[in-house]
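# Notes for the structure review
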Amino acid sequence: MKKWMLIDGNSITYRAFFAMPPLTNSSGMQTNAIYGFTTMLLKLLEEHKPTHIMVAFDAGKTNFRHEQFEEYKAGRQKTPPELSQQFPLLKDLISAFGIAQYEIAGYEADDIIGTLTAKADQQEIETLVISGDKDMLQLASSNVTIAVTRKGVSEVELYSPATIEEKYGLTPQQIIDLKGLMGDTSDNIPGVPGVGEKTALKLLHQFPSVEEVIANLDAQKGKLKENLTNHQQSALMSKQLATIFREVPLELTEEDIVYNGYEPAKLAEQLAKLEFKSLLERLDVTASSGSSEADAKQALSELTIHHLSEQSLDISKLMSALAEEDAKHGLYIEAIGENPHHASLEGIAIAVGDQVYVMQHHLLDTEELAPFKQWLADESIPKYGYDLHKAELVLHWHGIKLGGSYFDVQLAAYLLDPTDGNQLLHTIAERHSLYGLPSDDEVYGKGAKLKLPEQSKLFEHLAVKANIVRQLAPKLDEELEKTSMRSLYYDLEGPLSRILARMEQQGIKVERAELEQQGVELEAALKHITSEIYELAGTEFKISSPKQLGEVLFEKLGLPAKKKTKTGYSTDAEVLEELAPYHPIVPHILNFRQLAKLQSTYIEGLLKEVREETGHIHTYYRQTIAATGRLSSQFPNLQNIPIRLEEGRKIRKAFIPSEPGWSILSADYSQIELRVLAHISGDERLKDAFIHNHDIHTKTAMDVFGVTADQVDSNMRRSAKAVNFGIVYGISDFGLSQNLGITRKEAAQFIEQYFSVFQGVRKYMDDIIAEAKEKGYIVTLLDRRRYVPDIHSSNYNIRSFAERIAMNTPIQGSAADIIKLAMVRMNDELQKRELSSRMLLQVHDELVFEVPPHELETMKQLVPQVMAEAIKLDVPLVADVSYGDSWYEAK
DNA sequence: TGAGTCACG
DNA sequence: ACGTACGTGACTCAA
C-alpha cells in the first residue's frame, strides 16, 4: 500500500529553530534547526513508514500572492542568519536521507504540497502532510491527514476532516474562510478588524462562508456589523491569500518521490559533518552499516593483526612491505600521560596494507626487530603518524629514536581548522567518514578511572588507530592541497615539529640553588606580610581566597565594592589599585598576591619540573593549540616567565647555559606585529615610520596629536602606545577607555583621530571583515587559515568578537608564521655552519640560544640577521640581540 | 571542575 | 541598549 508523506520544509525548520536550544558544531555554526528537523523526521519515518516522501521549500522572495497583495508577509522579521545558514546543510542532509525535495519559483511550499495532495485525492492515495502551520488543515480529506507540530517539533497533532469538525465545527474548506475573517498577523493578512478566532467561528457556524456572511450582513449588529461592512473587500482578499494554490505546474512524477530508505554511508557522512553524534549512534549508521560496535568489529575484521612477542618476532613481511615503492603506512605510538617527558610508552603499532603489527617497545631491543628499530630512526624515510612530535619525545626518553620527515594527521587537522581544540584521532576519523574507532576515553576511561585494558584489547585498539592513520594521511594531504596549505605544512610546520622536539629534549639548564635561595627570601617576606594583613584586618583568613578576601575588604572593612564577578566581589589588581587610598591593608594584599604568585608558580612550580638527572627543565611546545598559529608551552610554561617587574625578573637568573663558559643569547623582534600590520595594510604612513626606523609609539603620538617629536610628552606616548595595542587587538572604544582610564567618548575620538591619519589601516580593518564575511575565513601571510563563522551572528557581542578575531588573527598569526620561519632557517644555518650553539626556547617574538664562547661573535650577528631576513616585507624587520651568563643578563 | 586571578607576548 | 580589547598556561579555592 502506498503512503505519501509531504513535509513543509520551511515551516518545520522555522519551528525547530525557535524551539531548540542554540546547538552549535565545533566551528561555531548553529545546527539546532537541522537537529530538530532530523529528530522529527526520524520519528515520522518510524511511525508512519511512508513509501513516498517529499520535502517542499519556498523559493525566491516573492510569489503570486504578492501580486494580489503587495503587503503580503510584509513586516516579517528578517530570517536570522543563524537560521538561513542552516538551509544548505539541511538540504544536503535530506538528500543523504534519500528523500526528494522540491521548490519552484513563484510558489510557496504549501502550494507544492497542495498540488500533490490534489493528485493524492484523485488517486485515493493515503497521504500525511507535515507542517507547523494550521493553514494546511484546508487540505484535509478522506485521503489526506494533516500533522501539525506541537511543543516545538517533538510532537504532532493529527487532523482529519473529522477532527477538524470536532474541534472547529468546520469543514477543511472552511479553514480558508476562517482565516479570511480573522486574518493572520504573521503573514500580514488583514482579515476583518476586531474579528478573532472566536468571532470568526461563530460567524461561520451561522453562515458557511465569507461570501455568505457578507451577503447576510443584516444578521449582525453593532461594531461587528460595522467592521464587516467596511472590510468586505479585505475579508475576500484575505480568503484568497489564505487559499493554497493546488495547480502548481510541477515537473515531478510519483516516481521522483519514491522513498527507498537511505544509504548508511552517505547519511553517516552528513551526520558526522554536522557532529550529530547521538544521532549517529542512535541510527547505527556508519560507513559500513550496522552498529558502531559492528563497525568496530568490521574495522578489525578487515585487518590482520600481528601481536609481536618474544615467541613471534618475525617481521620479514613487514619490512618488505615497508620497503615497497609506494607503500603507505600508518604509525601509532601509544603513550599515557599528558607530559611526553614523563608519559609511559604502552605500545607501537604500524599498519601497511591490511597488515598491522603491534608490539611493546622493549621488543625493539631484540635482534629480530633491529631492522624495524632502524627503520624508525632512519632520517631518510618519511613517517605517517598521529602526534609524532609527542611520540618522538616519548620514544626518546625510552631510548628509541624516531627520525625522518613527518606527515602528522594531528598537525594537518589543526591547520585545516585551528580552532578545533583537541584534534583527537577518532574525531578526525569520523570527520572523514572512517568509523569504528572508539575514543580513548571509551577504551581507557579518564581522570581517576583511567585504566588500560588487557593487552590483547589494547593492541587491537592500537592496530585500528594505526590503520586509521594510514587511511587518513592521504585524505588530509589532499585537503591541505585544496586549501593551499600544503606549503605551510611541508615547508614550515612539518620541519618545525622536529626542531621543537629537539629543543625540548635539550631543555634549558636551571640552577636549583638560585631558585631555592629566592624561595627562602620569598617565604620570609610572605610570612611578614601575612601577619601584617591579619593585624590590619583584625582577623585571620585565607588571603588567597577571593571569596574570603572579598568578605574582609567589602563587609568587615566596609570598602566600596567596584566590580562584581559571577560569584561575588571582584578583588583583582585593577580593583585593588583603586582601593589603595581607602585602607592601608590594600597595598599589602597586592604585595602578597605578587609574591605568592612568584613563590607558587615560579619557584615551587619550576623546581618541580627540574629533572634530577640533568638539572634541565624540558618544556613541551604545543603546535596544535593556539587558534592564531602561535606555539604554546606546557609543563612548565616557559613563555610566561616574569620580566615586567624586577622582583619577578630575578627568576630568570636561574636559567643558565648547560655548559661552563657558555652564554645565554636572546634575540627578539622589535614591534613585529605593527610591522606586519604596516605590510599587510600597505598604510603609507605606518610603513614610512618603520622604513625610517622611528620610535613607533612616539611617531604615532606625533601623527595623532599633530605635534612635533619634542612636543610628545610621556602621557601622549602612553596613549599612542595603547592605541597601537588596541589596533592590533581589533580596537573598540570601550577597550581603549578601560586601558587608559579615560571616557569612552575620549577613546572613540582617539580612535577616529588615529584612523583619519592611518587611513590604510582603517581600510585594512574594513576589508578584512568584509573578506571574513565573504569567504568565511581569514588567512595569514603564509596562508594559515582561521574560520570565523560568528561573523554572521545577529548577536552584537558575538559578531563583534568575531570581527576583532578577523582583524587580529592575520596580524598575530603572520607574526607567528615569521618567527617559525626564522626557527627553521636558524636550524638550517646551525647545521650548515656546523655550529654547536643550540636553540632552546621560543617566546612568541623571542628566540633563546645557548652559545659557546667561540661562537658568540658569529651568533650575535647571525641570529638577528636570520630573524630579520626570514621573510621579505614592505618594511624592514628588526631583531635586537643580547647575551649574558643567564637569561636575566640577556636583556 | 569551574571560577578567579595573574604571569607572558 | 548592549558589554569587549588578541593569544596562551598555572595556581588556588570551593564546590
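Note that the structure is a prediction, hence the values are computed from the model and not measured.

### Section: the protein's contact with DNA strand B
Neighbouring DNA strand B are 22 residues; Thr571, Lys597, Ile643, Arg644 and Asp845 lie closest to it. Put simply, 77% of the atoms of DNA strand B that lie within 4 Å of the protein are in sugar or phosphate. Arg593 places a side-chain nitrogen or oxygen 2.9 Å from a phosphate oxygen of DNA strand B. A per-element tally of the surface near DNA strand B places helix H27 (residues 585–609) first, with three residues. Looking at side-chain class alone, the surface near DNA strand B contains seven nonpolar, eight polar and seven charged residues.

### A closer look at the pairing of strand E5 (residues 144–150)
By the criterion of burial, E5 is predominantly enclosed, with five of the seven residues buried. Where strand E4 (residues 126–131) and E5 come together, five bridges link them in parallel fashion. By the bridge assignment for E5, Val129 is matched with Ile146. Sheet topology note: the E5/strand E6 (residues 155–159) ladder contains five bridges and is antiparallel.

### What to know about unusual backbone geometry
Residue Pro636 is bonded to the preceding Phe635 through a cis peptide linkage, with omega at 0°. As for its placement among the helices and strands, Pro636 is situated in the loop between strand E16 (632–634) and helix H28 (646–649). Notably, Glu124 is not glycine yet its phi reads approximately 55°, a positive angle. Counting through the fold element by element, Glu124 comes out in the loop between helix H6 (109–123) and E4. Taking relative accessible area as the criterion, Glu124 reaches 62% and is therefore assigned exposed. Positive phi, normally seen in glycine, also occurs at Asp387, with a value near 50°. Mapping Asp387 onto the fold places it in the loop between strand E11 (383–385) and helix H18 (388–397).

### Digging into the nonpolar core
Membership of the largest hydrophobic core comes to 154 residues, with the highest contact counts inside it found for Tyr669, Phe849 and Met859. A per-element tally of this core places helix H36 (residues 796–832) first, with 14 residues. Not counting the four nearest positions on each side in its chain, Met859 is found in contact with Leu665, Met826, Leu830, Leu835, Ser837, Phe849, Val851 and Pro864. The next biggest cluster of nonpolar side chains, apart from the first, holds 48 residues, and it includes Leu6, Met54, Tyr168 and Ile175.

### Some thoughts on the pattern of salt bridges
All told, the structure shown has 46 salt bridges when counted by the stated rule. Between Lys239 and Asp177 there is a salt bridge; the shortest N-O distance is 2.6 Å. Of this pair, Lys239 sits in helix H12 (residues 232–242) while Asp177 sits in helix H8 (residues 174–182), and the two are 62 residues apart along the sequence. Comparing Lys239 with Asp177 shows no difference in burial state: the two are buried.

### A few points about the UniProt feature "domain: 3'-5' exonuclease" (unreviewed entry) in chain A
Per the UniProt record, the feature "domain: 3'-5' exonuclease" (unreviewed entry) sits at residues 306–481. Counting secondary structure, residues 306–481 comes out at 41% helix and 17% strand; the distance between its end C-alpha atoms is 34 Å.

### Some words on the UniProt feature "domain: DNA-directed DNA polymerase family A palm" (unreviewed entry) in chain A
Per the UniProt record, "domain: DNA-directed DNA polymerase family A palm" (unreviewed entry) is annotated on residues 648–855. Strand forms 12% of residues 648–855 and helix 59%; the C-alpha atoms that close the span are 30 Å apart.

### Some words on H8
The element H8 is largely enclosed, with a buried count of eight among its nine residues. As for H8, its buried residues are in contact with helix H7 (161–168), helix H9 (197–206), helix H10 (210–215), helix H11 (222–230) and H12. Just downstream of H8 lies Gly183, where phi reads positive at about 70°.

### Considerations on the packing of helix H30 (residues 684–691) against helix H31 (residues 696–705)
At a minimum axis distance of 10 Å, the contact between H30 and H31 shows a crossing angle of 140°. On the basis of the axis angle, H30 is oblique to H31. In this structure, H30 meets H31 at a crossing whose hand is right-handed. Here Arg685, Leu686, Ala689 and Phe690 of H30 come into contact with H31, specifically with Ile696, Lys699 and Asp703. Looking at side-chain class alone, the contact of H30 with H31 contains four nonpolar, no polar and three charged residues.

### Comments concerning the protein's contact with DNA strand C
Close to DNA strand C lie 37 residues, the nearest being Ser545, Ser632, Phe734, Tyr796 and Arg804. Taking all atoms of DNA strand C within 4 Å of the protein, the share assigned to sugar and phosphate is 58%. Contact between DNA strand C and Ser544: a phosphate oxygen at 3.1 Å from a side-chain N or O atom of the residue. In this structure, a base nitrogen belonging to DNA strand C sits 3.4 Å away from a main-chain N or O atom of Ala722. The set of elements that each furnish at least two residues to the surface near DNA strand C consists of helix H25 (546–556), H27, E16, helix H32 (714–729), helix H33 (733–740) and H36. Residue composition of the surface near DNA strand C, by class: twelve nonpolar, 18 polar and seven charged.

### Looking at the sheet that holds strand E23 (residues 879–884)
As summarised here, the arrangement of the four strands in space is E21-E22-E18-E23, forming an open sheet in which the pairing is antiparallel. A strand with exactly one partner marks an edge of an open sheet, and here the two such strands are strand E21 (838–842) and E23. Recorded for the sheet is a direction-independent mean angle of 25° between the axes of neighbouring strands. Summarising the sheet, E21 and strand E22 (residues 846–851) pair through four bridges and their orientation is antiparallel.

Thresholds, definitions, all that
Sequence order as written defines the numbering, with residues in each chain counted from 1. Going through the entries in the order they are written, you letter the chains from A and number the ligands from 1. pLDDT decides what is reported in this predicted model: residues at 70 or higher carry local features, side-chain atom pairs at 80 or more are listed and counted, and totals for whole chains, interfaces and linings draw on all residues regardless. Working from all heavy atoms in the structure, the side-chain values ignore hydrogens and water. Summary of the distance rule: residues count as near a molecule or strand when at least one heavy atom falls within 4 Å of that molecule or strand. N or O atoms within 3.5 Å of each other form a polar contact, as long as, within protein, one can give a hydrogen and the other can take it, and as long as residues adjacent in sequence are counted only when both atoms are side-chain atoms. Runs of E in the DSSP output that reach at least two residues are strands. Runs of H or I that reach at least four are helices, and both are numbered from the N terminus. Charged residues are taken to be Asp, Glu, Lys and Arg, nonpolar residues to be Ala, Val, Leu, Ile, Met, Phe, Trp, Tyr, Cys and Pro, and polar residues to be all remaining types, Gly included. Type-normalised accessible area, obtained with a 1.4 Å probe on protein chains alone, sets the label of each residue: buried when under 20%, exposed when over 50%, and partly exposed for intermediate values. Only when DSSP finds a minimum of two bridges between them are two strands counted as paired. Within this scheme, the nonpolar core is defined by two criteria: the residues are buried Ala, Val, Leu, Ile, Met, Phe, Trp, Tyr or Cys, and they are joined through side-chain atoms within 4.5 Å. Throughout, a contact is declared for two residues whenever any of their heavy atoms are within 4.5 Å. Any Lys or Arg side-chain nitrogen located within 4 Å of an Asp or Glu carboxyl oxygen qualifies as a salt bridge. UniProt positions are given in the numbering used here, feature names are shortened, and annotations may be inferred rather than shown by experiment. Axis definition: a line fit to C-alpha positions, over the contact stretch in the case of helices; interaxial angles, taken between N-to-C directions, run 0 to 180 degrees. Orientation labels follow simple angle bins: below 35 degrees gives roughly parallel, above 145 gives roughly antiparallel, 65 to 115 gives roughly perpendicular, and whatever is left gives oblique. In this scheme, a crossing is called left-handed if the near helix is turned counterclockwise away from the far one by less than a right angle; it is called right-handed if the turn is clockwise.

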